[in-house]
Amino acid sequence: MQSEHQRRLRGGLDADTEAALRAYLDAHAAPFGTTEVREPPAGLNAYLAQAAGVTFSRLLLSLIRESGLGEVEVYKRAQVDRRLFSKIRSDPHYQPGKSTVIAFALALRLTVAQAQELLGSAGYTLSGGATSDLIIRFFLERGVYDLLRVNDALDAFGQPVLPV
């Protein structure tokens, strides 16, 4: 039985999830170490989203309709404030942060391909070289969409957590 201190050090992850996640990260680690993905320069997101043809806002609203969930349920699951969701809904060219897009992908229970499409509409991607992105991909591939559980894993591996 593990002590409370050991559990806190691991960020609240159960042993099986931690072991599976470590194996996943080892198997998918970039050959020359990890690189952090930084926010793109101002204006670049908007250009890339327009060049792709489908804006984040339009794609998000379409995915919500397809999911059969209500908008309120989705933004609450994503831990997104009502005012921010209203801004996303009313401004077709609004460019959210990467963590916001990931939170919506989890809230909508998207596949990895769907999450990549949603991220791409905002000018982002899940990189194979960033530990935090691999952790998120790990949970998406396994159909685990609990934002708190994902944050436990990110924290346990020393990565920034998603805002909640």
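Residues numbered from 1 in each chain as written. Predicted model: local features only at pLDDT ≥ 70, side-chain atom pairs only at ≥ 80, totals over all residues. Heavy atoms only, no water.

## Some words on the overall build of the protein
This is how the line gets drawn: Helix numbers and strand numbers start at the N terminus; a helix is a DSSP run of H or I with at least 4 residues, a strand a run of E with at least 2. Exposure classes here rest on a 1.4 Å probe applied to the protein chains alone. A residue is buried below 20% of its type maximum, exposed above 50%, and partly exposed in between. Accessible surface area values rest on a Shrake-Rupley calculation with a 1.4 Å probe, where residue burial reflects the displayed protein chains alone.
Scanning the protein for helices and strands turns up 10 helices and 0 strands. For the protein, the sequential pattern of α-helices and β-strands runs α-α-α-α-α-α-α-α-α-α. By residue count, 40% of the 164 residues in the protein fall in the buried class. For the protein, the exposed surface amounts to about 9,000 Å²; the carbon and sulfur share of it is 52%.

## Digging into the packing of helix H2 (residues 15-28) against helix H9 (residues 131-141)
In plain terms, the rule: Interaxial angles span 0 to 180 degrees and are taken between N-to-C directions of axes, which are lines fitted to C-alpha atoms, for helices over the stretch in contact. Working definition: roughly parallel below 35 degrees, roughly antiparallel above 145 degrees, roughly perpendicular at 65 to 115 degrees, and oblique for all remaining angles. Two helices crossing with the near one rotated counterclockwise from the far one by less than a right angle form a left-handed crossing, whereas a clockwise rotation gives a right-handed crossing. Contacts are residue-level and defined by heavy atoms, with any inter-residue pair within 4.5 Å sufficient. When residues are grouped by polarity, Ala, Val, Leu, Ile, Met, Phe, Trp, Tyr, Cys and Pro land in nonpolar, Asp, Glu, Lys and Arg in charged, and all others, Gly among them, in polar.
Contact pair H2 / H9: the axes reach a minimum separation of 10 Å and the direction vectors enclose 120°. Judged by the angle between their axes, H2 and H9 are oblique. Relative to H9, the crossing made by H2 is right-handed. Contact residues: Thr17, Ala20, Leu21, Tyr24, Leu25 and His28 in H2; Thr131, Leu134, Ile135, Arg137, Phe138, Phe139 and Glu141 in H9. When its residues are assigned to classes, the contact of H2 with H9 shows 8 nonpolar, 3 polar and 2 charged.

## A look at the side chain of Ser121
The line we're drawing: Whenever a nitrogen or oxygen atom comes within 3.5 Å of another N or O atom, the pair is scored as a polar contact, on the condition that within protein one atom can donate a hydrogen and the other can accept it, and that pairs from neighbouring residues in sequence are kept only if both atoms are in side chains.
Position of Ser121 among the secondary structure elements: in helix H8 (residues 112-121). By relative accessible area, Ser121 is classed as buried at 4%. Within the local environment of Ser121, its side chain forms a polar contact with the backbone oxygen of Leu118, the two atoms lying 2.6 Å apart.

## Regarding the pattern of salt bridges
Oppositely charged side chains can form a pair if their charged atoms are brought close together. Our working rule: Salt bridge, as used here: a side-chain nitrogen of Lys or Arg that lies within 4 Å of a carboxyl oxygen of Asp or Glu.
Using the criterion set out here, one finds 8 salt bridges in the structure. Residues joined in a network through salt bridges with shared partners are Arg137, Glu141 and Arg142.

## A word on the nonpolar core
Just so we agree on the cut-off: Here, nonpolar core means buried Ala, Val, Leu, Ile, Met, Phe, Trp, Tyr and Cys residues that are tied together by side-chain atoms lying within 4.5 Å of each other.
In this structure, Leu60, Phe104 and Leu118 are the most contacted members of the largest nonpolar core, which totals 46 residues. At the level of elements, H2, helix H4 (56-67), helix H5 (71-77), helix H6 (82-90), helix H7 (98-107), H8, H9 and helix H10 (147-156) are the ones that each hand at least two residues to this core. Tallying contributions element by element places H7 first for this core, with 7 residues. Beyond its immediate chain neighbours, meaning those up to four positions away, Leu118 contacts Phe56, Leu59, Leu60, Leu63, Val101, Phe104, Ala105 and Leu110.

## Re the environment of Ile88
Within the secondary structure layout, Ile88 lies in helix H6. Taking relative accessible area as the criterion, Ile88 reaches 0% and is therefore assigned buried. Discounting chain neighbours no more than four positions away, the residues touching Ile88 are Phe56, Ser57, Leu60, Tyr94 and Phe104.

## Things to note about H7
Burial analysis of H7 places 9 of its 10 residues in the buried class, which makes it a mostly covered element. Buried within H7 we find Lys98, Thr100, Val101, Ile102, Ala103, Phe104, Ala105, Leu106 and Ala107. A positive phi of about 55° marks Arg109, the residue just after H7.

## Some details on the environment of Gly158
Along the chain, the position of Gly158 falls in the segment after H10. Residue classification places Gly158 among the exposed residues on the basis of a relative accessible area of 63%.

## Details of H8
Inspection of H8 places Val112, Ala115, Leu118, Leu119 and Ser121 among the buried residues, and these make up the whole buried set. Phi turns positive, to about 90°, at Gly123, one or two residues after H8.

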